[in-house]
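Fold and contact review
Listed below, chain by chain, are the residues.
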Amino acid sequence: MGFASPTLRLTEDQYRTIVGHCYDGLPNEACGLLVGPVSNGEPSGAVSEARPCRNEAASALTYRVDGRDQIAAMRAAEARGDEIVGCWHSHTHTDAYPSPTDVEQATWYPEWVYVLVSLRDDEPVLRAYRIRDEVIAECRVVLDR
């Protein structure tokens, strides 16, 4: 089985921003939004900005992107002609794979790419998914150098 589209393209700085924010959020889950170009309602896979956000839930088991942070991200995206194309959050003690709660929350934004960062092991693991109609499909992640 191959990867779902799009291929998520992150710069090394964006990768460090995402993973660093996940560690900074410990012991709680951390979260953020991905901004990028959209074509025909679908993310291209390019990311113009990785925006750390506050976890309104302040929980080690779940996350909720702070509403003010989401509005600020929407405005910043619109100003550059982009859209919010996804989000990320950390799993502090489990695999970088969507939980049942993650799948349920994805019904609100089925067009997004969902990035999960597992902090369970010595090295962080970052993976990306499309979640539509409760079907989870992994996307390839490429670090642009």
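Just above sits the structure.
A few points on the structure. (Residues numbered from 1 in each chain as written. Predicted model: local features only at pLDDT ≥ 70, side-chain atom pairs only at ≥ 80, totals over all residues. Heavy atoms only, no water.)

The periodicity of an α-helix, 3.6 residues per turn, causes residues three or four places apart in sequence to face the same way. Compared with an ideal rise of 1.5 Å per residue, which puts 13 residues at 18 Å, helix H1 (residues 12-24) spans 18 Å between its outermost C-alpha atoms and is within 8% of the ideal. In this structure, the buried residues of H1 make contact with strand S1 (4-11), strand S2 (31-36), strand S5 (49-53), strand S6 (83-91), strand S7 (113-118) and strand S8 (125-132). (Helix = DSSP H or I, 4+ residues; strand = E, 2+ residues; numbered from the N terminus. Expected span 1.5 Å × (residues − 1). Contact = heavy atoms within 4.5 Å.)

Okay, the pattern of salt bridges next. For the structure on display, the rule yields 14 salt bridges. With its nearest N and O atoms 2.5 Å apart, the salt bridge here joins Arg132 to Glu42. Placement of the pair is Arg132 in strand S8 and Glu42 in strand S4 (residues 42-43), with a sequence separation of 90 residues. The class for Arg132 is partly exposed, based on a relative accessible area of 34%. With a relative accessible area of 28%, Glu42 lands in the partly exposed category. In the salt-bridge network here, residues are joined through shared partners; they are Arg54, Asp66, Arg68 and Asp69. (Salt bridge = Lys/Arg side-chain N within 4 Å of Asp/Glu carboxyl O. Buried < 20%, exposed > 50% of the residue type's maximum accessible area, 1.4 Å probe, protein only.)

Turning to the nonpolar core, a few remarks are in order. Within the largest apolar cluster, 17 residues are counted, with the highest numbers of intra-cluster contacts made by Leu8, Ile18, Leu34, Trp88, Val115, Val117 and Leu126. When sequence neighbours within four positions are dropped, the list of residues in contact with Leu126 reads Leu10, Tyr15, Ile18, Val19, Val115, Leu116, Val117 and Val141. Within the second largest apolar cluster, 16 residues are counted, among which are Ala73, Ala96, Leu116 and Ile131. (Core = buried A, V, L, I, M, F, W, Y, C linked by side-chain atoms within 4.5 Å.)

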